Amino acid sequence: MQETGTKLAESKCPELIEAFPQAVLSVDDYLGDLSISVRASEIRPIVRFLKETPSQCYEFLMDLFGMDYEGYERETPGRFAVIYGFYSHSRKTRLRLKVFLPKNEIDSIHDIYKAANWLEREAWDMFGIQFKGHPNLKRILCHHEFKGHPLRKDFPSNNYQRLRTALPSTEL
Amino acid sequence: MRLNLGPSHPATHGTLRVFVELDGEIIRNMKLEIGYLHRCFEKMSETHTWNQVIPYTDRLNYVSAMMNNVGYVMAVEKLLGIEVPKRTQRIRVIMCELSRIIDHLVAIGTNAVDVGALTCFWYFFRERENIYDLFEAVCGARLTTSFTRVGGLYKDLPEGWTQWCRKVLANLPRSLDDVEGLLTTNRIWIDRTRGVAPISKQDALDYGFTGPCLRACGVGYDVRKAHPYYDYDKFDWSLITEEEGDTYARYLVRLGEMRESMKIVEQALDDLPDGPVNVDDWSIALPPKDQVYGSIEGLMAHFKLIMHGIKPPAGEVYSYTEAANGELGFFVVSDGTGRPFRVRVRPPCFAIYQAFPQMCQGQTISDAIAALGSLNIVAGELDR
């Protein structure tokens, strides 16, 4: 882990650092939002740890979405990231995991949180991020014949595609 | 038998496609297709200034547009590090709670129509119209309100509005009592809703349920209680929860919440301070009109704000409010320019609708229709 933020990390999430000393890359606490950047390869054990360890007890996967940092004002470790928002109802705490993707792919967590299934499909649809092990990684909001991943920064916002075929029921 | 329902069907209240495999009348398997109402909210936000996104938020949950307006500007205000005046906070609370009431009126009213009880619908929609009149008076629009602005509101309340609001509220209990009398102990309503499409507490948490659907499973999570914003902790109101997690429990929770929302609105009206509604910062809120027409500084500030927009410092925050359907979250990223780098909305419906096939497993088609109404899926918010 980087030197900067070490203290912050130890005060905010000591258990996570202790359990995954190599995987936690940096910790940020901007305006009270705890955000932890972790290695993509460790995502499944970390998410399992957050859900199942009694000291963590994050029952909710509130959100999961992609990010494209192309052209962002600050330097980032990579272009694409997946952001996970966790919430613990019993502890009333929130945690954001940020994972930069070296190869535009990451392990799916659909079997850990049921909420992840559609959210991962949406991240695939919008950013073209591959979720390995996902049972049904298809487009969810865009038309099934749509070309491109619209929330990528290099996708023009006026792109118009004429699509009219309904999705056959066999492919639902 | 395989049957295709929707995407355009009166019982889907929007454009939802449901494909079911039936064994007789029993649903053995269900598949969903969503996205028919996808309008690229998140992409469009990146091409507009921060304030220009507000009209787009109306179209998320269009049944309670005010709450989306408030949820979005709260996120931008968090990014800017500003707090809006007390009066604005109170007005936003009033608007949010009135919106919650109309949202629940629609949810219960249409749910009752789906199972054949048309009268409740008329009783509730009369009250809904009255509340829409209140909205129309403050912002000129009934459905797509765009009432909030970053750092304040479009306008202060018009003369006499608070008395009018009290009058509308005074009428509301009659309708609630009428519908409660018609439904709560009604044999047919109970037969059609009790035990229909239940979901366990564990599954509801796992799917990310929030709002009335979660509270109907016995989990007392409400952003207004757990992380109070705008002085929600200072108002006297209680959390409504039920244990069964079925369609009937969701109905009871919504009915109870409307009465609690009324309490909050009344307290907010009693304690409505005077003062400006916008923050006193011309780089965020528009200067008063006499300054725009009467001074060069005012004119410049107005021009800059309209042409270049607000410029929050670079950074990313997540802000969340309790909307009618659950936690409405906005994750906003600024890169210091006048336009959002990214706006991500966490729509409560998305998580809830994902569980629909599991909830309907082994139920009949007519039960699925009753359940769909009780989940209050709003396609605008689901598909964004």
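Here's what I pulled together on the structure shown here. These numbers were taken from a predicted model, which means no experiment stands behind them. (Residues numbered from 1 in each chain as written. Chains lettered and ligands numbered in written order. Predicted model: local features only at pLDDT ≥ 70, side-chain atom pairs only at ≥ 80, totals over all residues. Heavy atoms only, no water.)

### Observations concerning the overall build of chain A
The condition is simple: A helix here means a DSSP run of H or I that spans at least four residues, while a strand means a run of E at least two residues long, and both kinds are numbered starting from the N terminus. Radius of gyration here is computed from C-alpha atoms only, and the compact-globule reference equals 2.2 Å multiplied by the residue count raised to the power 0.38.
Check the secondary structure of chain A and you find four helices and seven strands. Put simply, chain A runs from its N terminus to its C terminus through helices and strands in the order α-α-β-β-α-β-β-β-β-α-β. At 17 Å, chain A has a C-alpha radius of gyration in line with the 16 Å of a compact globule built from 172 residues. Taking the principal axes of its C-alpha atoms as reference, chain A extends roughly 55 × 35 × 25 Å.

### Details of unusual backbone geometry
Keep this limit in mind: Categorising residues by exposure relies on relative accessible area from a 1.4 Å probe, with only protein chains included: less than 20% of the type maximum marks a residue as buried, more than 50% marks it as exposed, and the intermediate range marks it as partly exposed.
The backbone phi angle of lysine 92 of chain A is positive, close to 55°, even though this residue is not glycine. With respect to the element layout, lysine 92 of chain A can be found in the loop between β4 (80-88) and β5 (93-100). Taking relative accessible area as the criterion, lysine 92 of chain A reaches 43% and is therefore assigned partly exposed. The phi angle at asparagine 376 of chain B is positive, at roughly 55°, despite the residue not being glycine. Along the polypeptide, asparagine 376 of chain B turns up in the loop between α16 (365-375) and α17 (379-383). Residue asparagine 376 of chain B is classed as buried on the basis of its relative accessible area of 7%.

### Observations regarding the interface of chain A and chain B
Interfaces are often described in size by the accessible area the parts lose on coming together. Short version of the rule: A contact between two residues is defined here by any heavy atoms of the two lying within 4.5 Å. Throughout, buried area stands for the accessible area (probe radius 1.4 Å) lost by two parts on being put together, summed over both. We define a salt bridge as a side-chain nitrogen of Lys or Arg found within 4 Å of a carboxyl oxygen belonging to Asp or Glu. Throughout this entry, Asp, Glu, Lys and Arg are counted as charged residues, while Ala, Val, Leu, Ile, Met, Phe, Trp, Tyr, Cys and Pro are counted as nonpolar. The remaining residues, Gly among them, count as polar.
Taken together, the 49 residues of chain A in the interface contact 53 residues of chain B. Here chain A and chain B share an interface that buries about 4,500 Å² over both sides, 57% of which is from carbon and sulfur atoms. Together, Lys114, Trp118 and Leu172 of chain A form the three largest contributors to the area buried by chain A at its contact with chain B, with a combined 17%. Residue arginine 384 of chain B is joined to glutamate 122 of chain A by a salt bridge in which the shortest nitrogen-to-oxygen separation is 2.8 Å. Secondary-structure elements contributing two or more residues to the side of chain A that touches chain B are β3 (60-68), β4, β5 and α4 (116-127) of chain A. A per-element tally of the side of chain A that touches chain B places β3 of chain A first, with eight residues. Grouping the amino acids of the side of chain A that touches chain B by side-chain chemistry returns 27 nonpolar, six polar and 16 charged.

### Focus on the sheet that holds strand β10 (residues 340-346) of chain B
Residues and elements named next belong to chain B. Which entries qualify depends on this criterion: At least two DSSP bridges between two strands are required for those strands to pair. Axis geometry follows a simple rule: fit a line to the C-alpha atoms, using only the stretch in contact for helices, then measure angles between N-to-C directions, giving values from 0 to 180 degrees.
Taken in spatial order, the three strands line up as β8-β9-β10 in an open sheet, and their pairing is antiparallel. Pairing within the sheet leaves two strands with one partner each, and these edge strands are β8 (315-323) and β10. On average, each strand axis in the sheet is inclined to that of its neighbour by 15°, with strand direction left out of account.

### What to know about the pattern of salt bridges
The final tally for this structure, using the stated rule, is 47 salt bridges over all chains. We note a salt bridge from lysine 153 of chain A to glutamate 46 of chain B, for which the minimum N-O separation is 3.2 Å. Remark: glutamate 46 of chain B occurs in the loop between α1 (41-45) and α2 (54-58) and lysine 153 of chain A occurs in the segment after β7 (130-132); the pair is interchain, linking two chains. Across the pair glutamate 97 of chain B and arginine 100 of chain B runs a salt bridge whose closest N-O atoms are separated by 3.0 Å. Of the two residues, glutamate 97 of chain B and arginine 100 of chain B are both situated in helix α4 (residues 86-114); the distance of three residues between them amounts to about one turn of the helix. An identical accessibility class is assigned to glutamate 97 of chain B and arginine 100 of chain B; each is buried.

### A short note on the pairing of strand β1 (residues 24-28) of chain A
Residues and elements named next belong to chain A. Sheet topology places β1 next to strand β2 (residues 35-38); four bridges connect them, and they run antiparallel. By the bridge assignment, valine 24 is partnered in β2 with valine 38. Here β1 hands over to β2 after six residues, with leucine 31 in that stretch at a positive phi of 55°.

### A few points about the pairing of β8 of chain B
Residue and element names in this part refer to chain B. Taking burial as the measure, the nine residues of β8 include nine buried ones, the bulk of the element. Judged by which residues are buried, β8 turns out to be covered on both faces: Gly315, Val317, Ser319, Thr321 and Ala323 on one side and Glu316, Tyr318, Tyr320 and Glu322 on the other are all buried. As defined by bridge partners, β8 adjoins strand β9 (residues 326-334) across nine bridges and the pair is classed as antiparallel. Its bridge partner lying in β9, tyrosine 318 is registered against phenylalanine 331.

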